[in-house]
Amino acid sequence: MDATAIEAESGPAKRDVLSLPVLLLNRHFAPVTVATAKRAMCLLYGGAAHAVDQEGDTHDFSDWLTLPVRADDDGLPIIGREIRVPRVLHLLRYERTPRAIVRLTRKNLMLRDQFQCQYCAKRPSQRDLNVDHVMPRSRGGADSWENLVVSCRFCNLKKGRRTPQEAGMTLLRPPHRPRWSTATQILLVARTPYEEWDPFLKAG
Ligand SMILES: [Zn+2]
């Protein structure tokens, strides 16, 4: 069987429902993280969590099975029938509100610095923005939240292998690790957050 035959059989429109994102809430309904539908189904089946529907009602596994799979729902095929894939899960015994861990990436640096050159305050197009080492890498400057800022090409060039002080340039604000809440972080990272997530993320 070649690849085309396999695709024809499974159908290109068929999505991998077990990989869909599910918002996990702690005992107090505060967002904790995003998990896969596969993990969510295990938690629901095992009794560690209840599924939350769009009305905010919670359902245990056997109760959830009785809900219909509607047009906008994702369905998980299980022997002869379909189960609605939950989009929000309430962890019954999980107390903690983990602090968001914000990964050091180019995108997150852009978000922290609001797509603004930290030297001249201009906001050129993203293509014309660089990530600048405040203490140049060639002089031991680290790849860290505290040593990286967003800078336009012009300022980057002007600064060269100097510190801002040596180049006579001033930073708009000292760079630091962002203090985003878990809810903010989930909103930033999730590519297609569901409407069902809104009440929990906005409240956070
Ligand atoms: Zn600039």
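Predicted model only: the values in this text are computed from it and were never measured. (Residues numbered from 1 in each chain as written. Predicted model: local features only at pLDDT ≥ 70, side-chain atom pairs only at ≥ 80, totals over all residues. Heavy atoms only, no water.)

Asker: What's the story with the pattern of salt bridges in this structure? I'm lost.
Answerer: On inspection of all chains with the given rule, the structure shows 10 salt bridges. Put simply, Arg84 and Asp73 hold a salt bridge, and the shortest N to O gap is 3.1 Å. With a gap of 11 residues between them, Arg84 in strand β6 (residues 81-84) and Asp73 in the loop between α3 (61-65) and β5 (75-78) connect regions that are remote in the sequence. You'll find Arg84 and Asp73 in the same group, each marked buried. The partner of Arg139 in a salt bridge is Glu166, with the nearest N and O atoms 2.9 Å apart. Here Arg139 is found in the loop between β8 (129-133) and β9 (148-152), whereas its partner Glu166 is found in helix α6 (residues 164-167), with 27 residues between them in sequence. Each of Arg70, Asp73 and Arg84 takes part in a single network of salt bridges with overlapping partners. (Salt bridge = Lys/Arg side-chain N within 4 Å of Asp/Glu carboxyl O. Helix = DSSP H or I, 4+ residues; strand = E, 2+ residues; numbered from the N terminus. Buried < 20%, exposed > 50% of the residue type's maximum accessible area, 1.4 Å probe, protein only.)

Asker: Please clarify how the environment of Ala35 should be interpreted in this entry.
Answerer: Looking at the secondary structure, you find Ala35 in strand β2 (residues 31-36). Residue Ala35 is classed as buried on the basis of its relative accessible area of 12%. Through-space distance from the C-alpha of Ala35 to that of Ser19 is 8.6 Å; in sequence the pair is 16 residues apart. Residues contacting Ala35, with those up to four places away along its chain left out, are Leu20, Pro21, Val22 and Leu24. (Contact = heavy atoms within 4.5 Å.)

Asker: Help me understand the sheet that holds strand β7 (residues 88-91) in this model?
Answerer: Backbone hydrogen bonds hold the strands of a sheet together, and the pairing may be parallel or antiparallel. The strand order across the open sheet built from 5 strands is β2-β1-β7-β3-β4, with neighbouring strands paired in mixed fashion. Each edge of the sheet is formed by a strand with only one pairing partner; in this case those strands are β2 and β4 (58-59). Both strand β3 (residues 49-52) and β7 contribute to a ladder of 4 bridges, which runs antiparallel. Looking at β7, one finds that Ala51 is bridged to Leu89. Together, β1 (21-25), β2, β3, β4 and β7 form the strand contacts of helix α2 (residues 37-46), whose direction differs from that of β2 by roughly 110°. Docked against the sheet, helix α7 (residues 182-189) engages β1 and β2, running at close to 30° with respect to β2. (Pairing = 2+ DSSP bridges. Axes fitted to C-alpha atoms, helices over the stretch in contact; angles between N-to-C directions.)

Asker: Please explain empty space enclosed by the protein as it appears in this structure.
Answerer: Picture a little ball the size of a water molecule; that probe, rolled over the atoms, points out where space is still empty. One pass over the structure, following the stated rule, counts 1 cavity of 30 Å³ or more. Of the voids in this model, the largest cavity is the one considered here, and its volume is about 60 Å³. Lining of the largest cavity is provided by Val52, Asp53, Gln54, Trp64, Arg70, Asp73, Arg84, Val85, Pro86, Arg87 and Glu196. Grouping the amino acids of the lining of the largest cavity by side-chain chemistry returns 4 nonpolar, 1 polar and 6 charged. (1 Å grid on protein atoms, 1.4 Å probe; cavity = no way out; pocket = protein on both sides within 12 Å on 5 of 7 lines; lining within 4 Å. Points joined across faces, edges and corners; volume = space filled by probe spheres on them. Nonpolar A, V, L, I, M, F, W, Y, C, P; charged D, E, K, R; others polar.)

Asker: What should I look at first to understand α7 in this one?
Answerer: Residues separated by three or four positions in an α-helix point in the same direction, a consequence of the helix having 3.6 residues per turn. Among the residues of α7, Thr182, Ala183, Gln185 and Ile186 are the ones counted as buried. Relative to the axis of α7, the buried residues are bounded by an arc of 165° and lie together on one face. (Arc of directions from axis to C-beta.)

Asker: How should the pairing of β7 be read in this particular structure?
Answerer: Working note: regular strand, side chains alternate between the two faces of the sheet. Of the two faces of β7, the one carrying Val88 and His90 and the one carrying Leu89 and Leu91 are both buried. Sheet topology places β1 next to β7; 3 bridges connect them, and they run parallel. Considered in β7, the bridge of Leu25 is made with His90.

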